[in-house]
Structures are given as C-alpha cells and as structure tokens.
Amino acid sequence: TVTILTYKTARYGGQLVKVPAPHTSQRCSACGFTTPGSRESQELFSCKNPDCGWTANADWNAARNILHLYRIGHVIVEVPAAGRRGRRAGKTVKPVAAR
Ligand SMILES: [Zn+2]
C-alpha cells in the first residue's frame, strides 16, 4: 500500500491540498464517470454510470483516483521516502513543511 500524504495540483496554483479532495471522491476510479451523486455516503462510493456500477469504499476510490491523476501527470504526489520502492516519479517535490 502506498501512503499518500498530500498532493499538489497546478490547477490550485501550488496550494497544498490534503486528500481526499472533493473531485477525487466524486470520480469513479473504474470508468472515470464523475458526479456528486456517486458518493453514496462518507464510506461508500457507488458509480452512477449504468455501464459500470463500480462500488467501493469511498476513501479507497478516492485514493485510486489520486493515483490515476498522478500517473497521467495531473497532480504531484508526495510519498514518504520509505514507500517509494525505487520508482522514479520525476515530479515529486519536497514537502513544503520540510524546507
Ligand atoms: Zn464507473
């Protein structure tokens, strides 16, 4: 399991955002369909795309979305050094608080 502490988006002009962010909790991590209605409750995500129907723990779904955004380069994810497993992210930045 990769622990994601915080991430930054260019969209927010470098503002540090704690996860899960609202848009990540409303997006289906299986098909990409995004609607506030898919967030059934604090715990449950249920995709409203009739062709999908993915259900999952809401936090888990949000975490999958963040990973997806990270992989396509839309967010900068900061992971603890111990959790990196030697993968070269290229976009990882040092936590602001550590400066
Ligand atoms: Zn879906």
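The rules behind these values
- Residues numbered from 1 in each chain as written.
- Predicted model: local features only at pLDDT ≥ 70, side-chain atom pairs only at ≥ 80, totals over all residues.
- Heavy atoms only, no water.
- Helix = DSSP H or I, 4+ residues; strand = E, 2+ residues; numbered from the N terminus.
- Buried < 20%, exposed > 50% of the residue type's maximum accessible area, 1.4 Å probe, protein only.
- Contact = heavy atoms within 4.5 Å.
- Areas by Shrake-Rupley, 256 points an atom, 1.4 Å probe, with all protein chains shown as cover.
- Salt bridge = Lys/Arg side-chain N within 4 Å of Asp/Glu carboxyl O.
- Donors = N, O, S within 2.8 Å, 3.2 Å for Na, K, Ca; no water.
- Tetrahedral: all angles 85-135°; square planar, octahedral: opposite > 155°, others 65-115°.
- Expected span 1.5 Å × (residues − 1).
- Polar contact = N/O pair within 3.5 Å; in protein donor to acceptor, adjacent residues only side chain to side chain.
- pLDDT = per-residue confidence, 0-100.

## Topic: the overall build of the chain
Here's step 1: Across its full length, the chain holds two helices and five strands.
Here's step 2: When the elements of the chain are put in sequence order from the N terminus, they spell out β-β-α-β-β-α-β.
Here's step 3: When burial is assessed residue by residue, the chain has 28% of its 99 residues classed as buried.
Here's step 4: For the chain, long-range pairs separated by at least 24 residues make up 38% of all intrachain contacts whose partners lie at least 6 apart in sequence.
Here's step 5: Just so you have it, the chain exposes about 6,600 Å², and 53% of that area is on carbon and sulfur atoms.

## As for the side chain of S46
Here's step 1: Among the secondary structure elements, S46 is positioned in strand β3 (residues 44-46).
Here's step 2: Those residues in contact with S46 that sit more than four places away from it in its chain are S38, E40, W54 and T55.

## A closer look at the pattern of salt bridges
Here's step 1: Going through the model one piece at a time under the given rule, you end up with one salt bridge.
Here's step 2: For K48, the salt bridge is made with E40, and the minimal N-O distance between the two is 2.4 Å.
Here's step 3: Look at E40 and you get partly exposed, because its relative accessible area is 44%.

## Digging into the environment of W60
Here's step 1: Note that W60 resides in helix α2 (residues 58-71).
Here's step 2: Given the relative accessible area of 46%, W60 is considered partly exposed.
Here's step 3: A sequence separation of 35 residues divides W60 from S25, and the C-alpha atoms of the two residues are 9.1 Å apart.

## Quick notes on the coordination of the zinc ion
Here's step 1: Surrounding the zinc ion are the protein donor atoms C28 (SG), C31 (SG), C47 (SG) and C52 (SG), which sit 2.2 to 2.3 Å from the metal.
Here's step 2: Its four donor atoms give the zinc ion angles of 105 to 113° at the centre, a pattern that matches the tetrahedral case.
Here's step 3: Binding-site remark: the zinc ion is held by donors from one chain whose sequence spacing is C-x2-C-x15-C-x4-C.
Here's step 4: With relative accessibility at 29%, the residue C52 sits in the partly exposed group.

## Description of the environment of L69
Here's step 1: Note that L69 resides in helix α2.
Here's step 2: Taking the C-alpha atoms as reference points, L69 and T24, 45 residues apart in sequence, are found 9.1 Å from one another.

## Quick notes on α2
Here's step 1: Counted at 1.5 Å a residue, the expected span for α2 with its 14 residues is 20 Å, and the 20 Å between its end C-alpha atoms agrees.
Here's step 2: Here α2 starts with a cap whose side-chain oxygen sits 2.9 Å from the backbone nitrogen of D59, and that cap is N57.
Here's step 3: With its phi angle positive at about 85°, G73 sits one or two positions after the end of α2.

## Some details on the confidence of the model for the chain
Here's step 1: On average, residues of the chain carry a pLDDT of 71, and 52% of them reach 70 or more.
Here's step 2: Predicted confidence is poor over residues 1-12, with pLDDT under 50, and the contacts of this stretch with residues over four places away or in other chains come to 44 contacts.

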